[in-house]
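# Reading the structure
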Amino acid sequence: MIESIPIRITQLVSMEVRGEALLSKKALEALNKKNEKEGKPLFANTRNVAAGSLRQLDPSLVKDRNLYFIAYDLYEKSSTVSNHSGKHEKLRELGFPVEELEAKCKNLEEVIAFIKKFEKIRPDFPYGTDGIVISVDDIKLQEVLGVVGKAPRYSVAFKYPAEKATTVVKDIMVNVGRTGVLT
C-alpha cells in the first residue's frame, strides 16, 4: 500500500530492510483540507498521521493517506558491504528510496557543519523532521561498539530545539460527573 516500497527487487538476496514510513507536508495539507470539508478533526503533524495510519492495520487507509517509505538500513546474513554508506548504495541499487541528503564526514567539525547546513533548509524539507542521525560508517567498528537493548552505540540522534507555538484558550467547559466531580 506504500507505493515507494518496491514490489520486486533486482537481486535474489536474503535481507531485512529497515526504514521509516512518512507523510509529506503537502499530503498532510491535502488530508486536512479533505477532513475539514467532511467535518472531521484536523491532524497536527505528519509524524502522528503516519504512525497512526500504520497502527490502524487498514491497508486502504494507508493507501488513501499517501504514505511513502525511506530506507535507512540493510541487514544481510552474508554481506560484502563494509560500511553504512555502502548499504545505502546497495538499497538504491535494489530500488529502495534512500534519503539523498546525507554526508560522509571525516571529523566532528564536518558533522557540525552538516547539522548547521540542514538546520537552514529544514523548514523547506518535504516532510517534518526533528533532527539528524549521526552514524559510524565502518560496519566492523559498529560491531565492536554494539547495541544496548534496542539502542545502537554506533549512532546518535541530534535533535533540534522543539518548535514553539502559543495556544490561546478560547473557552473552558466544565462537566459534572455522576459522583459530582467537576472535570
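The structure under discussion appears in the preceding block.
First, a word on what this report is: a plain description of the structure on this page. (Residues numbered from 1 in each chain as written. Predicted model: local features only at pLDDT ≥ 70, side-chain atom pairs only at ≥ 80, totals over all residues. Heavy atoms only, no water.)

### Some thoughts on a nonpolar patch on the surface
- There is a patch of nonpolar side chains on the surface, built from Val169, Ile172, Val174, Val176 and Leu182 and spanning about 560 Å² of accessible area.
- Mapped onto the fold, Val169 is located in the segment after strand S6 (155-159).
- The class for Val169 is exposed, based on a relative accessible area of 61%. (Patch = residues over 30% accessible without salt bridge, like charges linked within 9 Å, V, L, I, M, F, W, Y side chains within 5 Å. Areas by Shrake-Rupley, 256 points an atom, 1.4 Å probe, with all protein chains shown as cover. Salt bridge = Lys/Arg side-chain N within 4 Å of Asp/Glu carboxyl O. Helix = DSSP H or I, 4+ residues; strand = E, 2+ residues; numbered from the N terminus. Buried < 20%, exposed > 50% of the residue type's maximum accessible area, 1.4 Å probe, protein only.)

### So, the packing of aromatic side chains
- Evaluated as defined, the whole model comprises five aromatic pairs.
- Aromatic side chains Tyr68 and Tyr127 sit 6.1 Å apart centroid to centroid with 65° between the ring planes, which places their arrangement in the edge-to-face category. Note that Tyr68 is positioned in strand S2 (residues 68-76) and Tyr127 in the loop between helix H5 (108-121) and strand S3 (131-135), a separation of 59 residues in sequence.
- Centre to centre, the rings of Phe158 and Tyr160 are 5.1 Å apart; their planes meet at 85°, and the pair counts as edge-to-face. (Phe/Tyr/Trp six-rings, centres within 6.5 Å; stacked < 30°, edge-to-face > 60°.)

### Regarding the environment of Thr183
- Examined against the element boundaries, Thr183 turns out to sit in the segment after S6.
- A C-alpha to C-alpha distance of 30 Å links Thr183 and Ala51, two positions 132 residues apart in sequence.
- Setting aside residues no more than four positions away along its own chain, Thr183 makes contact with Met173, Val174 and Asn175. (Contact = heavy atoms within 4.5 Å.)

### Observations regarding the nonpolar core
- In this structure, Ile2, Leu23, Leu67, Ala71, Leu91 and Phe96 are the most contacted members of the largest nonpolar core, which totals 17 residues.
- If you list the elements that add at least two residues to this core, you get helix H1 (25-37), helix H2 (46-55) and S2.
- The contact partners of Leu91, leaving out residues within four places of it in the chain, are Val17, Ala71, Tyr72, Asp73, Leu74, Phe96 and Val98.
- By size, the runner-up hydrophobic cluster in this structure holds 10 residues, among which are Leu22, Val111, Phe114 and Ile115. (Core = buried A, V, L, I, M, F, W, Y, C linked by side-chain atoms within 4.5 Å.)

### Points about the pattern of salt bridges
- One pass over the structure, following the stated rule, counts 12 salt bridges.
- Here Glu3 ties to Lys63 by a salt bridge, and the two come within 3.4 Å at their closest N and O atoms. Note that Glu3 is positioned in the segment before strand S1 (15-22) and Lys63 in helix H3 (residues 59-64), a separation of 60 residues in sequence.
- You can call Lys63 partly exposed: its relative accessible area is 41%.
- Put simply, Glu38 and Lys40 hold a salt bridge, and the shortest N to O gap is 3.1 Å.

### Some thoughts on the side chain of Ser24
- Position of Ser24 relative to the elements: it lies in the loop between S1 and H1.
- Excluding residues that lie within four positions of it along the chain, Ser24 makes contacts with Thr46, Tyr68, Pro126 and Tyr127.

### Let's talk about unusual backbone geometry
- In this structure, Leu57 is a non-glycine residue whose phi angle is positive, near 60°.
- On the secondary structure map, Leu57 appears in the loop between H2 and H3.
- A relative accessible area of 72% places Leu57 in the exposed class.
- A positive phi angle, near 55°, is found at Asn66, a position not held by glycine.
- Mapped onto the elements, Asn66 comes out in the loop between H3 and S2.

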